[in-house]
Amino acid sequence: MKISFLSFLMLFQIVSYGQRTYQNFNPGKIWEDNQGVHINAHGGGFLIHDDTYYWFGEHKIAGKEGNKAQVGVSVYSSKDLYNWKNEGIALEVHDDPNSLLVKGCIIERPKVIYNHKTGKFVMWFHHELKDQGYKAAMTGLALSDHVTGPYRYIKSVNPHAGQWPANYPDSLKSKPVNLDEIERWSKEWKEAVVDGIFVRRDFERGQMARDMTLFVDDDGKAYHFHSSEENQTLHIAELTEDYLDFSGNYTRVLHGQQNEAPAVFKKDGKYYMFSSGLTGWNPNPGKSAVADHPLGPWTPLGNPCIGTEDEMNTTFWSQSTYVIPVIDKKNAFIFVGDRWTPDNPIDGRYILLPVEFEAGKPVLRWYEQWDLTFFDKK
Ligand code: GAL
């Protein structure tokens, strides 16, 4: 029997460190880090910096309490996307009960981007305040000089207090906010939602910002995408040059279409978005959309999943979280989704699938096991 040098090396590594070396993706399976522990970075965001991938995500603990932030945001690094080194906790929750980031608050979908002008790593995340469920609907900001942290918590906001979306017609600005008078889910309610009744309701205090992602364009401009208006409409907001604030320029997109879990990427000058519907931790049919500019308008492209009815109805039992552009491979993108396990969140699994393009649309198929050579065959 011939054993290749590589297999020998792998065997040596397993025997000597008890550590697994991966050479492919196994969506939905336990995925061990360099210490042999299942990766703990849910609702993740990926940053490429100095030819290395960094994976930031919600650190979960066992049991239902694990759905709240007991520890903070984890970070892992990898050179090949298969094998991940645990780099520890990038952003820690606080013990101080007066801090908004106190242990027991909710931190979701953390995303980190690098600002070339300031040399800072900027983290934004969905932040809910302790003991308030999902009511606060804020976005939080943390900052570091080093990619793996520690990140310093700066603030949490309901963005755009006193600012109208760029595409909000003047004719709507003075319309009444008569939410109590219209029956929820009635035709009138839906029309009012599409017309942005919640934008007017939240105009003074600032808008709701729940599921979110960040996207940095080739010109260095960064955009903050978030589910707003009771998750009925997405808001896309330009960040300031230093990425530490909202510039004030923002749009409402896909009005009343109930998008969560946005994940954005750019291919051949066009912007694509995967997202989900609103069923909490339970999966639902995925959605996709395309635009010529991050601020929109966005055109829906339908469910990107191709597979069995069950797979299409559940996005392969996952919810979108990010799209990773592969280093040094043109037009190679990886869809990342979470398979949530809210009863024992630490056991949540990750679905990584290649993004394929058919008739100008991004599509996803299930592959039980695959590797990056997938993109060379295209
Ligand atoms: C999902 C959302 C998750 C989390 C969850 C809570 O819809 O995408 O990030 O907020 O709801 O139920």
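These remarks concern the structure in this document. (Residues numbered from 1 in each chain as written. Predicted model: local features only at pLDDT ≥ 70, side-chain atom pairs only at ≥ 80, totals over all residues. Heavy atoms only, no water.)

## A short note on the overall build of the protein chain
Here comes step 1: Scanning the protein chain from N- to C-terminus turns up five helices and 20 strands.
Here comes step 2: Here the protein chain holds 378 residues, and 53% of them are scored as buried.
Here comes step 3: By sequence separation, contacts in the protein chain at least 24 residues apart represent 52% of the contacts at least 6 residues apart.
Here comes step 4: For the protein chain, the exposed area adds up to about 16800 Å²; of that, 52% sits on carbon and sulfur atoms. (Helix = DSSP H or I, 4+ residues; strand = E, 2+ residues; numbered from the N terminus. Buried < 20%, exposed > 50% of the residue type's maximum accessible area, 1.4 Å probe, protein only. Contact = heavy atoms within 4.5 Å. Areas by Shrake-Rupley, 256 points an atom, 1.4 Å probe, with all protein chains shown as cover.)

## Points about the pattern of salt bridges
Here comes step 1: According to the stated counting rule, one finds 26 salt bridges in the structure shown.
Here comes step 2: Here Asp195 and Lys175 are joined by a salt bridge, their closest N and O atoms 3.1 Å apart. With Asp195 in the loop between helix H3 (187-194) and helix H4 (197-201) and Lys175 in the loop between helix H2 (170-173) and H3, this pair connects stretches of sequence that are 20 residues apart.
Here comes step 3: Taking the relative accessible area as the measure of exposure, Asp195 reaches 24% and is therefore partly exposed.
Here comes step 4: Note that Asp202 and Arg201 form a salt bridge whose closest N and O atoms lie 2.9 Å from each other.
Here comes step 5: The buried category is assigned to Asp202, whose relative accessible area is 4%.
Here comes step 6: Arg201 gets classed as partly exposed once you look at its relative accessible area, which sits at 33%. (Salt bridge = Lys/Arg side-chain N within 4 Å of Asp/Glu carboxyl O.)

## Describing the sheet that holds strand E1 (residues 42-49)
Here comes step 1: Taken together, the four strands give an open sheet; going across it, the order is E1-E2-E3-E4, and neighbouring strands pair in antiparallel fashion. The open sheet terminates on both sides in strands that have one partner only, identified here as E1 and strand E4 (85-92). Across the sheet, the axes of successive neighbouring strands diverge by a mean angle of 25°, strand direction being ignored.
Here comes step 2: Relative to strand E3 (residues 72-78), strand E2 (residues 52-58) is paired through six bridges, and the arrangement is antiparallel. Paired with Tyr53 across the two strands is Ser78, which belongs to E3. (Pairing = 2+ DSSP bridges. Axes fitted to C-alpha atoms, helices over the stretch in contact; angles between N-to-C directions.)

## Thoughts on the packing of aromatic side chains
Given two aromatic rings, one states the distance between the centres and the angle between the planes to describe the pair.
Here comes step 1: Across all of its chains, the model carries 31 aromatic pairs by this definition.
Here comes step 2: Taken together, a centroid distance of 4.5 Å and an interplanar angle of 55° make the contact between Trp185 and Trp189 tilted.
Here comes step 3: Through pairs of rings, three or more aromatic residues link up here, namely Phe25, Trp31, Phe46, Trp55, Tyr82, Trp84, Tyr322, Tyr350, Tyr367, Trp370, Phe374 and Phe375.
Here comes step 4: Sitting above the plane of the Phe357 ring, Lys267 keeps its charged end 4.1 Å from the centroid. (Phe/Tyr/Trp six-rings, centres within 6.5 Å; stacked < 30°, edge-to-face > 60°. Lys NZ or Arg CZ within 6 Å of the ring centre and 35° of its normal.)

Scope: geometric values only; no functional claims are made or implied.
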